[in-house]
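Spelled out from the first residue to the last, the chains are:
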Amino acid sequence: MGKKALETKIVTAGRASKWTQSLVNPPVSRASTIVFDTVEEMKHATANRGNKALFYGRRGTNTHFAFQEAMVELEGGVGCALYPCGTAAITNAMLAFVKAGDHVLMVDGVYEPTRNFCDTILDKMGVETTYYDPLIGEGIRDLIRPNTTVLFLESPCSITMEVQDVPTLARIAHEHDMTVMLDNTWASPINFQPFEHGVDISIQAATKYVVGHSDVMLGTAVANEKCWAQLRESSYLMGQCTSPDDVYLAMRGLRTLGVRLKQHQENSLKVAAWLAERPEVDRVLHPAFESCDGHEYFKRDFKGCNGLFSVVLNRGNSEALAAMLDGMEHFSMGFSWGGFESLILANENINSLRTVAKRDYAGPLLRLHIGLENADDLIADLERGFDRLNSVLAKTA
Ligand SMILES: *Cc1c(COP(=O)(O)O)cnc(C)c1O
């Protein structure tokens, strides 16, 4: 077989004929019970139950196996575990690799529910978490203890968008026999190759760009050879399983991931460049811009960007932000992202969500997800939004 370019892989991944049965798409296979004709077949299925073989509904059907294979083909690694959402993927990956008395290094810019999991459930289990600055680099050495077992990264970070030096951090963690986990949701399975940069387990909130249409919750964790069996069996024991209908939609989303991301990228670069020139904007936190912390690692390690970034405003207050956001025509307000539609939200005190990476932001942050609409329509919408913001600020000045 010849070497396949990424665009080709996106079309062919997970479409082996054993899954598709001659259809273009692997069909939705629903099952709780799998039935066997002979004792011998049942014994064989039991022996192979971790190996993409029909055994019991919770282990998955051909719909799941096809999607798992596609994720491995795109992201790397040797196996993919599926979860009902991205958060379940994160928490179950961590639970599979910690025990009471362990210590975890967690990036300070992590997605908020991941932090809350560490501070409540891991804490209750007797697993201690230390938050580290996403830009710590070699300094991570000073935080490693004899009982540190997991290094968790999220690059770029949520909302503040710092890009991490993943290969350096992973190399140091491996010198200490730690398991390296990455929340790779921003890059999707195609813009950052985790296993080429030293990651052991790569996690996706497939809810975002993989599904791509804001209508399914789903999580994935792809592991390398060293970690796969432990991740798979732990997740199975935790009862993690997913609906074949949701998995089917994720597989359908995958097919257009490449072209969608190209358009999200083009639109977001155009909108971010316009924002960078606005008097209301102090700083653009978009990994493709020099003003974003860790931009050099983005240039070195990523294949492209997408529609998600933030900007720091020079000033603003709750009333002015509400005037701007309430009146948007094309941007909706919502917490998720990665669908075809544009989203916006304001954060007035991001430092309250950080323990070590608090920074001196001039004003509130706006987080934008730039969708597939026409970029000029989005810019005009933001321009009218800034007019509303400014008129409230002028009154309160
Ligand atoms: C949304 C998100 C998650 C959680 O995904 P859910 O499917 O909503 O649970 C995890 N990590 C990042 C970076 C996210 O943006």
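Residues numbered from 1 in each chain as written. Predicted model: local features only at pLDDT ≥ 70, side-chain atom pairs only at ≥ 80, totals over all residues. Heavy atoms only, no water.

Enquirer: Before we go on, may I ask you to explain the overall build of the protein in this structure?
Expert: Across its full length, the protein carries 14 helices and eleven strands. Over its C-alpha trace the protein gives a radius of gyration of 22 Å, about what one expects of a compact globule, namely 21 Å for 397 residues. Expressed as lengths along the three principal axes of its C-alpha atoms, the size of the protein is roughly 80 × 50 × 40 Å. Here the protein holds 397 residues, and the buried ones make up 55% of them. (Helix = DSSP H or I, 4+ residues; strand = E, 2+ residues; numbered from the N terminus. Rg over C-alpha atoms; globule rule 2.2 N^0.38 Å. Buried < 20%, exposed > 50% of the residue type's maximum accessible area, 1.4 Å probe, protein only.)

Enquirer: How should I be thinking about the sheet that holds strand β9 (residues 308-313) in this particular structure?
Expert: What links the strands of a sheet is backbone hydrogen bonding, and the strands pair in either a parallel or an antiparallel sense. Overall, antiparallel pairing links the four strands, which are arranged β8-β9-β11-β10 in an open sheet. Taken across any chain shown, the strands that pair with only one partner, and hence form the sheet edges, are β8 (281-285) and β10 (343-347). Across the sheet, the mean angle from the axis of one strand to that of its neighbour is 20 degrees, orientation sign disregarded. On top of the sheet, helix α13 (residues 318-326) reaches β9, β10 and β11 (365-369); it is set at about 175 degrees to β10, its chief contact. (Pairing = 2+ DSSP bridges. Axes fitted to C-alpha atoms, helices over the stretch in contact; angles between N-to-C directions. Contact = heavy atoms within 4.5 Å.)

Enquirer: I tried to follow the domain arrangement of the protein on my own but got confused; where do I start?
Expert: Size of an interface: often given as the accessible area lost when the parts come together. Domain boundaries in the protein define domain 1 (6-30 + 61-255) and domain 2 (258-396). Relative to domain 2, the C-alpha centre of domain 1 lies at a distance of 26 Å. Counting residues at the interface gives 42 residues for domain 1 and 41 residues for domain 2. Summed over both partners, the interface of domain 1 with domain 2 comes to about 3,500 Å²; 56% of that surface belongs to carbon and sulfur atoms. Sorting the residues of domain 1 by area buried against domain 2 places I159, W186 and Y209 first, and these three jointly supply 24% of that buried surface. Across the contact surface, domain 1 and domain 2 share four salt bridges. Close ionic contact of K262 with E7 constitutes a salt bridge, the shortest N to O distance being 3.7 Å. Applying the counting rule to domain 1 against domain 2 returns 24 residue pairs in polar contact (both at pLDDT 80 or more). Listing elements by their share of the side of domain 1 that touches domain 2, those giving two or more residues are α1 (6-12), α6 (112-124), β3 (128-132), α8 (188-191) and α10 (244-255). Looking at the side of domain 1 that touches domain 2 element by element, the count peaks at three residues for α8. (Domains from an automatic or database assignment. Buried area = accessible area lost by both parts, 1.4 Å probe. Salt bridge = Lys/Arg side-chain N within 4 Å of Asp/Glu carboxyl O. Polar contact = N/O pair within 3.5 Å; in protein donor to acceptor, adjacent residues only side chain to side chain.)

Enquirer: How do you make sense of the site of the ligand when you look at a structure like this?
Expert: As a matter of local geometry, the ligand sits amid 13 residues, with G86, T87, D183, T207 and K208 nearest to it. In the environment of the ligand, an oxygen atom lies 2.6 Å from a nitrogen or oxygen atom belonging to the side chain of T207. Here K208 contributes a side-chain N or O atom positioned 2.6 Å from an oxygen atom of the ligand. The element contributing the most residues to the shell around the ligand is helix α5 (residues 86-96), with three residues. Of the residues that constitute the shell around the ligand, the class distribution is six nonpolar, four polar and three charged. (Near = heavy atom within 4 Å. Nonpolar A, V, L, I, M, F, W, Y, C, P; charged D, E, K, R; others polar.)

Enquirer: In this structure, what is going on with the sheet that holds β3? I would like to understand it.
Expert: The strand order across the open sheet built from seven strands is β1-β7-β6-β5-β4-β2-β3, with neighbouring strands paired in mixed fashion. Of all the strands in the sheet, just β1 (79-83) and β3 have a single pairing partner and so form its edges. On average, each strand axis in the sheet is inclined to that of its neighbour by 20 degrees, with strand direction left out of account. Examined bridge by bridge, strand β4 (residues 148-154) and strand β5 (residues 179-183) share five bridges and lie parallel to one another. By the bridge assignment for β5, L153 is matched with L182. Set on the sheet, helix α4 (residues 62-75) makes contact with β1, β6 (201-205) and β7 (219-223); between it and β1 the angle comes to about 125 degrees. Against the sheet, α5 engages β1, β2 (103-107), β4, β5, β6 and β7, with an angle of about 160 degrees to β6.

Enquirer: Would you mind showing me how to read the pattern of salt bridges here?
Expert: Side chains carrying opposite charge are able to pair once their charged atoms draw close together. What the rule picks out here adds up to 25 salt bridges. Notably, a salt bridge pairs R283 with D293, separated by 3.5 Å at the nearest N-O pair. Of the two residues, R283 sits in strand β8 while D293 sits in the loop between β8 and α12 (295-301), which places them ten residues apart along the sequence. A residue is classified by how much of its surface remains accessible, and R283, at 23% relative accessible area, is partly exposed. What emerges from the salt-bridge pattern is a single network uniting D133, E162, R283, D293 and R359.

Enquirer: Looking at this model, I keep getting lost on the nonpolar core. Mind explaining?
Expert: Generally speaking, nonpolar side chains in soluble globular proteins are found buried as a group. Residues F67, M94, L151, I201 and L231 are the most contacted members of the largest nonpolar core, which totals 90 residues. Looking at this core element by element, the count peaks at seven residues for α4. Per-domain counts for this core show at least three residues from each of domain 1 (6-30 + 61-255) and domain 2 (258-396). If near-sequence neighbours (up to four positions away) are discounted, M94 is found in contact with V104, M106, F117, C118, L122, F152 and M181. Membership of the second largest hydrophobic core comes to 27 residues, among which are L313, L382, F386 and L393. (Core = buried A, V, L, I, M, F, W, Y, C linked by side-chain atoms within 4.5 Å.)

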